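So the chains spell out like this:
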Amino acid sequence: MIHSWSGKKLYQSLSRKKTFATETKQEKDKLKRVLTIFDLTALGIGATLGSGVYVLAGTVAKSIAGPAVVLSFIVAAIVSSFAGVCYAEFAGRVPKAGSAYIYSYVAVGEFIAFIIGWNMFIEHTIGTASAAKAMTNYLDSLLGDPQKRYMKAHFPMHMQFMGEYPDVASFLFLMFIALVMAWGVRKSSTLNTVFTAFNLMTVGTVIVSGLFFVKISNWNISKSEIPPGVDGGNGGFAPFGWSGIIAGAARCFYGFIGFESISTTGEETKNPKKTIPLAIVLTLVFVTSAYSIVASVLTLMWPYYDQDPNAPFPVIYENLGLPVIKYMVTCGAVFALFTSLLGCLFPIPRILYAMSCDGLLFEFLSMVNERTKTPVIATMICGVGAGILSSIFNLEQLVDMTSIGTLISYLIVCICLLVLRYRDTNTAIQDIDSNSDDYKMFKWYSLFNTKVTNLDTQYISRVLILIYTFSACVFCISMVNIDCYDGAFYFPLIIVIAVSITVSLLSMLMLHRLPQAIENLAFKVPLVPFIPCVSITLNLYLMMELSIKTWIRFGVGLILGVFIYAFYGIHHSLEGSKQRAVKNEENKNTPRISS
């Protein structure tokens, strides 16, 4: 009996959900609401339109997708757009700091919320580190590689899975960015807007200048034209095949993480229920167009197999004999990557702030400076952590780990959206005797035909969501590994794929037949459950394309988070809930003096 009670209490602790109806005015005003639609769109574009344009396109084109990197960006954009509209609805539902962490806390419960919040912390920290690494590579290239030559000569690192030398410049840049962020959200937003303008001018320069050097033949290079010893695949537009396009899309996903930073500004945005969804949509449309055009120009200007993976544009303009444009683009790229750093670092302290306020992380992380109205301690800790990662790890490994973290976040948000859409919001009392046979027959007959949610439809929906997610996972694992099997194992694998597709489609169809909660929201995802379900499948598929080493590296960080929750978060969040309940009860019992 004791074990049963303990297990029940543990389940209640792990699944307790967060509400915002009882917050006090003082709690609401801790962060200052100063951001507008223009600020948020500039923040999203600045955070997103960085490494993806100036580094990632060349890296993916060279050894993963070839000229089909354009399709990789489009696939990644489609997946991001599906997740983006889910973020937009959640931002309208829960206009609070914390992004997907808060969303999952409301929809699923505390433990899942902690996992996704910690995952986002790791994801954005690594993303910030990779942006800093990309920026110093560009800057070092502009100056003739002085840091690279000096550090490799005097402080080389010979450890596996690490960089060739400690990147001191990236660490110093990140510390400077952290100081700017701690100075105040309005100051950092203004600086971000200015640098974003430089970024857009640079992208325009690349597109316009590149049009004069476009060669259609670079999209149709035969295998015989590829130099010996160069891994150029089979040549043509997609030299590495469909698998290369999908693997490239998994990498290109890193280029779309910026819009997520918009949804973390709920407590610092004017009218967040309308502003945040619109800013997310505008950012995705603009950035997708820019990525596709720049990737096309890049691969048409120069053969894909000869791209420089660290700084493709400076090398191309140098080879074309255009040193002036080379320095213009390189300087613009540094400004763009600087903006990307601002956007990547911006959400991290807000995530820690939100988790700390709930008692899941250490209390000092939620301390807000009275003068700057920002979480200064959390911001500086994030800057130091990202700086250390950027100084010791390789860019490619950082990009892979960022991508898997982003995909996990998107996956959880889509699942949470489905859970909320099918939750029971009907408070009417059933008059029919629930134990009668007539009622049971009526209940099962009308389950998929009723227009109002109830506890039965809510339960069935969650079972169907679980079945769909599991079958989609089986389908994605099978599809990714189908080329590795032949002979006796090939036919059973085809059967598994067919069964998983059938189960997924049936689950989605049954979800479609169930009633959805009737809610008045500023923005709602259209075509539910189709869009969230497709997003779940696409996210899982891209996740399975990443290497097992990436899963292991990222898994170590998640395990560390589970230990923090087990030994600190679960106890302190419960204490915080009790204190809030006592405070709310006191507020109810306090007599009001009429004016």
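Preceding this paragraph is the structure being described.
How each quantity is defined
- Counting from 1, residues in each chain are numbered in the order their sequence is written.
- A pLDDT threshold of at least 70 governs which residues receive local features in this predicted model, and a stricter bar of 80 or more applies before side-chain atom pairs are shown or counted, although totals over entire chains, interfaces and linings include all residues.
- With hydrogens and water stripped out, all remaining heavy atoms of the structure feed into the side-chain values.
- To obtain an axis, a line is fitted to C-alpha atoms, over the contacting stretch when the element is a helix, and the angle between two such axes runs from 0 to 180 degrees between their N-to-C directions.
- Secondary structure elements follow DSSP: runs of H or I no shorter than four residues count as helices, runs of E no shorter than two count as strands, and numbering proceeds from the N terminus.
- Two helices cross in a left-handed way if the nearer one is turned anticlockwise from the farther one by less than a right angle. They cross in a right-handed way if the turn is clockwise.
- Whether two residues are in contact is decided by their heavy atoms, any of which lying within 4.5 Å being enough.
- Note on residue classes: Ala, Val, Leu, Ile, Met, Phe, Trp, Tyr, Cys and Pro are nonpolar, Asp, Glu, Lys and Arg are charged, and everything else, Gly too, is polar.
- Just to be clear on terms, a salt bridge is a Lys or Arg side-chain nitrogen sitting within 4 Å of an Asp or Glu carboxyl oxygen.
- Exposed residues in this analysis have more than 50% of their type's maximum accessible area, buried residues have under 20%, and partly exposed residues fall in between, with area computed by a 1.4 Å probe over protein chains only.
- Two rings from Phe, Tyr or Trp (for Trp, the six-membered ring) form a pair when their centres are within 6.5 Å of each other. A pair whose planes differ by under 30 degrees is stacked, one over 60 is edge-to-face, and the rest are tilted.
- The criterion for a charge sitting over a ring is simple: Lys NZ or Arg CZ within 6 Å of the ring centre, and within 35 degrees of the ring normal.
- Think of a nonpolar core as a cluster: buried Ala, Val, Leu, Ile, Met, Phe, Trp, Tyr and Cys residues, connected wherever their side-chain atoms sit within 4.5 Å.

Caption draft 1: Expanded view of the packing of helix 19 (residues 455–481) against helix 21 (residues 530–544). For the pair helix 19 and helix 21, the least separation of the axes is 9 Å and the interaxial angle reads 35 degrees. Between helix 19 and helix 21 the crossing geometry is right-handed. Here Y468, T469, A472, C473, F475, C476, I477, M479 and V480 of helix 19 lie close against helix 21, whose contacting residues are C533, V534, I536, T537, L540, Y541 and M544. Partitioning the contact of helix 19 with helix 21 into residue classes produces 14 nonpolar, 2 polar and no charged.

Caption draft 2: Seen up close, the pattern of salt bridges. A full pass over the atoms with the stated rule returns 2 salt bridges. The shortest N-O distance in the salt bridge between D167 and K133 comes to 3.9 Å. Of this pair, D167 sits in the loop between helix 8 (146–154) and helix 9 (168–183) while K133 sits in helix 7 (residues 110–142); the two residues are 34 residues apart in sequence, bridging distant segments of the chain. Here D167 and K133 have matching classes, each one buried. Residue K326 pairs with E318 through a salt bridge whose shortest N-O separation is 3.1 Å.

Caption draft 3: View of the packing of aromatic side chains. Taken as a whole and assessed by the stated rule, the structure comprises 11 aromatic pairs. Ring centres 5.0 Å apart and planes at 65 degrees place the aromatic pair W219 and F237 in the edge-to-face group. Of this pair, W219 sits in the loop between helix 10 (185–210) and helix 11 (241–252) while F237 sits in the loop between helix 10 and helix 11, and the two are 18 residues apart along the sequence. A residue is classified by how much of its surface remains accessible, and F237, at 29% relative accessible area, is partly exposed. Just above the ring of Y165 sits the side chain of K133; from NZ or CZ to the centre is 5.9 Å. One cation-aromatic arrangement involves K326 over Y327; the distance from NZ or CZ to the ring centre is 5.2 Å.

Caption draft 4: Looking closely at the nonpolar core. Counting residues in each nonpolar core, the largest one holds 159 residues, and the members touching the most others are Y54, V69, Y138 and F313. Here this core takes 18 residues from helix 17 (residues 395–421), the largest share from any one element. Aside from chain neighbours lying at most four places away, what touches Y138 is Y54, V55, N310, A311, P312, F313, P314, T330, A333, V334 and L337.

Caption draft 5: The arrangement of unusual backbone geometry in detail. A cis amide bond links V528 with the next residue in sequence, P529, at an omega value of 15 degrees. Summarising the element assignment, P529 is placed in the loop between helix 20 (490–513) and helix 21. Its identity as a non-glycine residue notwithstanding, L527 has a phi of 55 degrees, on the positive side. When you line up the elements, L527 lands in the loop between helix 20 and helix 21.

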